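# Observations on the three-dimensional arrangement
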Amino acid sequence: MFIKKENKSGIKEFRFNYSNPFGACSYSYTVKNKGGKVIFEFEDDQHREFETMSCEIGNDILEKLNDYYVKDKIKKWDGFSKTNRHVLDGDGFSLEICFNDGRSLYARGSNSFPAGYSDFVGKIRSLFEPYTEKLLQKKIQEKIDEGISGELKSIMINFIQNGKSGHDRYEIFITAEEIRENNVDIDISSVSGEFFPQGKYRYYGKVSDSVLRFPDYLKIIEDNNIVRWSYYHKSAVDYNNCEWFQISLGFTEGNHINAMGTEHPEGYDKFRSDTLRFMAELVEELKKLPDNNA
């Protein structure tokens, strides 16, 4: 049943969903009363592997949500249902509030939003942020504790310097033979001459797994304990003068390792040096191949 005026009975359950299928950044918040306990549930497209994350929270959250409902005049949203069909790649939302008297409010929109939408969403994001961060960090730590297992099957690494950090550029993409036909793409622009001779080098083609030495590079990953970087994503304050890095390491079993940023995690310099020395040796081997197309 849709209400036409402010409901003063208090909020029992709250559900908000933000959808953006093109940006892979959809998320949802749910707060509900289960057997006298207030439970918060969170889902995030950027961490689908974690599925639904949940924790117990205080009843004060429902009271704060009720304050927002009153002060932001969310009662006016009831029954809102609009779609802007002229926008093909935008975003949308749905909101459901269940009250203690059994009544409910429902609103939805696709590229069309009720008055005050941005302010209200900003408030609930800030309200839930401590819980979403805690849940994500807990899941990430669980993944780190699981470690890595199986064989290394894909390596994607970028080290790209900017501004005062220099002008070297290393872009490396390597997979096992069965994953891609042309399974090696290494693009190097060395200005410093630190690991590669000054100049540009590129190799693109098909290379056997035995030449690529996956077990040797796996040892570098393990020796540097790179699994602890899982889900790392931080930007430096002076990011325009810092080297940007990105790694994505895939295995036959268990976790993949993904990390990126201009603020570098602990042990970054050693891992970078170990990696680029390894890749410099590999490039020399690739140059010797009969079908080398560098």
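For the structure itself, look to the data block above.
Overview of the structure. Bear in mind that the values here come from a model prediction, so they are computed numbers and not experimental data. (Residues numbered from 1 in each chain as written. Predicted model: local features only at pLDDT ≥ 70, side-chain atom pairs only at ≥ 80, totals over all residues. Heavy atoms only, no water.)

All right, on to the sheet that holds strand 6 (residues 92–99) then. Taken together, seven strands build an open sheet; the order of strands is 4-3-2-1-6-7-5 and the sheet is mixed. Edge positions in the sheet fall to strand 4 (53–57) and strand 5 (81–83), since each of these pairs with one other strand and no more. Ignoring strand direction, the axes of neighbouring strands in this sheet form an average angle of 10°. Judged from the eight bridges that link them, strand 2 (residues 27–34) and strand 3 (residues 37–44) form a sheet pairing that is antiparallel. (Pairing = 2+ DSSP bridges. Helix = DSSP H or I, 4+ residues; strand = E, 2+ residues; numbered from the N terminus. Axes fitted to C-alpha atoms, helices over the stretch in contact; angles between N-to-C directions.)

Okay, the pattern of salt bridges next. The final tally for this structure, using the stated rule, is 20 salt bridges. Across the pair Arg15 and Glu13 runs a salt bridge whose closest N-O atoms are separated by 2.6 Å. For the salt bridge of Glu96 with Arg15, the shortest nitrogen-to-oxygen distance reads 3.7 Å. Of the two residues, Glu96 sits in strand 6 while Arg15 sits in strand 1 (residues 11–19), which places them 81 residues apart along the sequence. Note on Glu96: relative accessible area 28%, which makes it partly exposed. Taken together, the salt bridges that share partners define one network made up of Glu13, Arg15 and Glu96. (Salt bridge = Lys/Arg side-chain N within 4 Å of Asp/Glu carboxyl O. Buried < 20%, exposed > 50% of the residue type's maximum accessible area, 1.4 Å probe, protein only.)

In globular proteins that are soluble, nonpolar side chains generally tend to be buried together. Ile174, Tyr217, Ile247 and Leu249 are the most contacted members of the largest nonpolar core, which totals 42 residues. Broken down by secondary-structure element, the contributors of at least two residues to this core are strand 8 (148–160), strand 9 (169–175), strand 10 (184–190), strand 11 (199–205), helix 4 (214–223), strand 13 (244–254), strand 14 (257–261) and helix 5 (268–287). Tallying contributions element by element places helix 5 first for this core, with nine residues. With residues near it in sequence (within four places) discarded, Ile174 still touches Lys153, Ser154, Ile155, Asn183, Val184, Ile186, Leu212, Phe214, Met279 and Leu282. (Core = buried A, V, L, I, M, F, W, Y, C linked by side-chain atoms within 4.5 Å. Contact = heavy atoms within 4.5 Å.)

Our next topic: helix 2 (residues 117–146). Between its first and last C-alpha, helix 2 extends 41 Å over 30 residues, near the 44 Å set by a 1.5 Å rise per residue. Here helix 2 has its buried residues at Tyr117, Phe120, Val121, Ile124, Leu127, Phe128, Thr132, Leu135, Leu136, Ile140 and Ile144. Just downstream of helix 2 lies Gly147, where phi reads positive at about 75°. (Expected span 1.5 Å × (residues − 1).)

Here the focus is the packing of helix 1 (residues 60–71) against helix 2. Where helix 1 meets helix 2, the closest approach of the two axes is 11 Å, and the angle between their N-to-C directions is 170°. Taken together, the axes of helix 1 and helix 2 are roughly antiparallel relative to one another. Facing Ile61, Lys64, Leu65 and Tyr68 of helix 1, the residues of helix 2 in contact are Phe120, Lys123, Ile124, Leu127, Phe128 and Tyr131. Among the residues forming the contact of helix 1 with helix 2, the class breakdown is eight nonpolar, no polar and two charged. (Parallel < 35°, antiparallel > 145°, perpendicular 65-115°, else oblique. Nonpolar A, V, L, I, M, F, W, Y, C, P; charged D, E, K, R; others polar.)

The next subject is the packing of aromatic side chains. Counted according to the given criterion, the structure contains 28 aromatic pairs. Taking the ring centre of Phe159 as reference, the NZ or CZ of Arg272 above it sits at 5.7 Å. (Phe/Tyr/Trp six-rings, centres within 6.5 Å; stacked < 30°, edge-to-face > 60°. Lys NZ or Arg CZ within 6 Å of the ring centre and 35° of its normal.)

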